Amino acid sequence: MQAKDFIQLLQLTPKMPVKVEYLPGLFTNDGFGISKIDFIKDQSIRVYLSESEKETSNPPLHTDDIQGHLTEAVGKVEDMGDIEITVIYGNQEIGTAELDITEIEIFQGTFTLKLYSLNNLTKSKARQEKQKKEEIPQKGKRFFFTAIRNFLFPQPLVLKWNMAKL
C-alpha cells in the first residue's frame with residue numbers, strides 16, 4: 001500500500017483502536033506497539049511492530065499514535081510520492097518478516113490492518129521477475145562454461161534430409 005493513502009486513512013479515522021491481523025483469524029496481542037520506523041528516501045517506509053511482555057503496560061495503539069509516529073519519521077505527506085509502506089512483525093509463532101499492508105478494514109469502531117493476502121499472484125509474479133533479473137549474471141557464467149565444454153568436446157554435426165521436399 002502506498003504511504004500517502006495509508007496516512008490519509010489514518011487522518012479520516014481519528015482515535016480508533018488498531019488491530020493487526022497477520023494471518024487469517026490470528027491477531028497480535030493487545031500490548032503491541034511501534035518500536036521504530038525506518039524511512040528510506042524514495043524507496044520505502046518500514047514500520048516495526050513489537051509485542052511487550054506485559055500486556056497491561058502499554059495502552060492500546062490508536063490511529064492517532066501511528067499517524068504521529070509516521071509524521072515524525074517521514075515529514076509531510078506531500079513529499080512521499082509513490083513510496084510503499086510495509087510492516088515488519090514477528091512473534092513466537094512466526095519469525096520476523098516484512099509484510100505488506102494488503103487490506104484495511106474499518107468495522108465496529110476498530111481499524112484492522114490485514115498483513116496477508118489470499119491471492120498472491122501479483123506479488124509472486126513480481127518476485128519471479130525479480131529473481132529472473134538476479135539470475136542474468138549467472139546465465140552468462142553458465143553460457144561461458146557451456147561454450148568452453150562445447151569447444152573442448154565438440155558434438156558431431158547431424159544433417160537430416162527430407163527427401164519429399166527436394
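The structure this text deals with has already been given above.
The shown structure was predicted, so the numbers you read here are calculated from the model rather than taken from an experiment.

## Considering the overall build of the chain
For step 1, the next point in the chain: For the chain, the helix and strand inventory stands at three helices and eight strands.
For step 2, the next point in the chain: Helices and strands appear in the chain in the N-to-C order α-β-β-β-β-α-β-β-β-β-α.
For step 3, the next point in the chain: Counting across all 166 residues of the chain, residues that qualify as buried make up 27%.
For step 4, the next point in the chain: Put simply, 62% of the contacts in the chain that link residues at least 6 apart link residues at least 24 apart.
For step 5, the next point in the chain: Only carbon and sulfur atoms are counted for the fraction: they give 54% of the accessible area of the chain, which is about 12200 Å².

## Brief notes about the packing of aromatic side chains
For step 1, the next point in the chain: With the rule as written, the count across this model stands at two aromatic pairs.
For step 2, the next point in the chain: Pairing Y22 with Y89 gives two aromatic rings, centres 5.2 Å apart and planes at 40°, and the pair type is tilted. With Y22 in strand β1 (residues 18-23) and Y89 in strand β5 (residues 84-89), this pair connects stretches of sequence that are 67 residues apart. Take Y22 and Y89: they sit in the same class, and that class is buried.
For step 3, the next point in the chain: Lying over the aromatic face of F27, K19 brings its terminal NZ or CZ to 5.5 Å of the ring centre.
For step 4, the next point in the chain: The ring of Y48 has K36 sitting right over it, with the charged end atom 4.8 Å from the ring centre.

## Focus: the sheet that holds strand β7 (residues 103-107)
For step 1, the next point in the chain: Overall, mixed pairing links the four strands, which are arranged β2-β1-β8-β7 in an open sheet. One side of each edge strand has no neighbouring strand; the edge strands of this open sheet are β2 (26-27) and β7.
For step 2, the next point in the chain: Lying over the sheet, helix α1 (residues 3-12) contacts β7 and β8 (110-114), oriented at roughly 160° with respect to β8.

What counts as what
- Residues numbered from 1 in each chain as written.
- Predicted model: local features only at pLDDT ≥ 70, side-chain atom pairs only at ≥ 80, totals over all residues.
- Heavy atoms only, no water.
- Helix = DSSP H or I, 4+ residues; strand = E, 2+ residues; numbered from the N terminus.
- Buried < 20%, exposed > 50% of the residue type's maximum accessible area, 1.4 Å probe, protein only.
- Contact = heavy atoms within 4.5 Å.
- Areas by Shrake-Rupley, 256 points an atom, 1.4 Å probe, with all protein chains shown as cover.
- Phe/Tyr/Trp six-rings, centres within 6.5 Å; stacked < 30°, edge-to-face > 60°.
- Lys NZ or Arg CZ within 6 Å of the ring centre and 35° of its normal.
- Pairing = 2+ DSSP bridges.
- Axes fitted to C-alpha atoms, helices over the stretch in contact; angles between N-to-C directions.

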